[in-house]
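What follows is the residue order along each chain.
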Amino acid sequence: MLFGTGALVLIWHGLRVRQANQLPARPPTPSRRVAELDFSVPEPARRVPVLADFCTICGRALSNPASRLARVGSECVKVHGPRPLSVLNPAYGEWVVSKRVAEAEAAAKQRSLDRQHDQALLLHTRDVRRWELSLETPEMVRRRLVRIEGQRLAGAGLTLTAGIAAAQLLGS
């Protein structure tokens, strides 16, 4: 019974000392934000194959999809080999332009976010300096000393309480 009462008194006293001597919190540091690229269009192929309707060697009509892609008929490919041809994909050029526009917009947004962050850092520096000066006031120095003394006493009280509990257990 004595152990429980002593522990409760120490906890209650520690909480009262802590609440009565609460120190102001340090101003939080502003976090830097990063602009996201608002562009989710998949990249198209840079080049696309040109399909042929007629053999580029003999001029016969091509019907097989593989022959149309090789641009040579099935007999001519055995002698002369395939003659594939590809051209720049117009959709790729449009994609590059739209991606560059999105990147320019993201860069402009990032510059704006960086300016806001720089301003917030300046204000934070000012607030931290005010906070540091407030900690040096006589009232705050007294609060810190009371907290330190309360923690020292609480530590000593817990040691004393543990000793009493051990004595009670050994005496039982």
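Below: a short report on this structure.

About the thresholds
- Residues numbered from 1 in each chain as written.
- Predicted model: local features only at pLDDT ≥ 70, side-chain atom pairs only at ≥ 80, totals over all residues.
- Heavy atoms only, no water.
- Phe/Tyr/Trp six-rings, centres within 6.5 Å; stacked < 30°, edge-to-face > 60°.
- Helix = DSSP H or I, 4+ residues; strand = E, 2+ residues; numbered from the N terminus.
- Buried < 20%, exposed > 50% of the residue type's maximum accessible area, 1.4 Å probe, protein only.
- Salt bridge = Lys/Arg side-chain N within 4 Å of Asp/Glu carboxyl O.

### Describing the packing of aromatic side chains
Both the distance between ring centres and the angle between the ring planes are used here to describe each pair of aromatic rings.
Then step 1. Following the criterion strictly, the structure yields 2 aromatic pairs and no others.
Then step 2. A ring pair is formed by F39 and W95, whose centres lie 5.9 Å apart and whose planes are at 55°; its orientation type is tilted. Here the residue F39 occupies a position in the loop between α1 (2-20) and β1 (47-49), and W95 occupies one in helix α4 (residues 90-135), the gap between them amounting to 56 residues. Taken individually, F39 and W95 each receive the classification buried, so the pair is uniform in this respect.
Then step 3. A connected cluster of aromatic rings, assembled from ring pairs, spans F39, Y92 and W95.

### Considering the pattern of salt bridges
Then step 1. Evaluation of the coordinates by the stated rule reveals 8 salt bridges.
Then step 2. A salt bridge links R32 to D114, with the nearest nitrogen and oxygen atoms 2.9 Å apart. Placement of the pair is R32 in the loop between α1 and β1 and D114 in helix α4, with a sequence separation of 82 residues.
Then step 3. On the basis of relative accessibility, which here comes to 49%, the residue R32 falls in the partly exposed class.
Then step 4. Accessibility expressed as a relative area gives 23% for D114, which makes it partly exposed.
Then step 5. The closest approach of N and O atoms between D53 and R68, which form a salt bridge, is 2.9 Å. In this pair, D53 is assigned in the loop between β1 and α2 (65-70) and R68 in helix α2, connecting sequence segments 15 residues apart.
Then step 6. A network of salt bridges, in which partner residues are shared, links E139, R142 and R143.

Keep in mind these values describe shape, not function.
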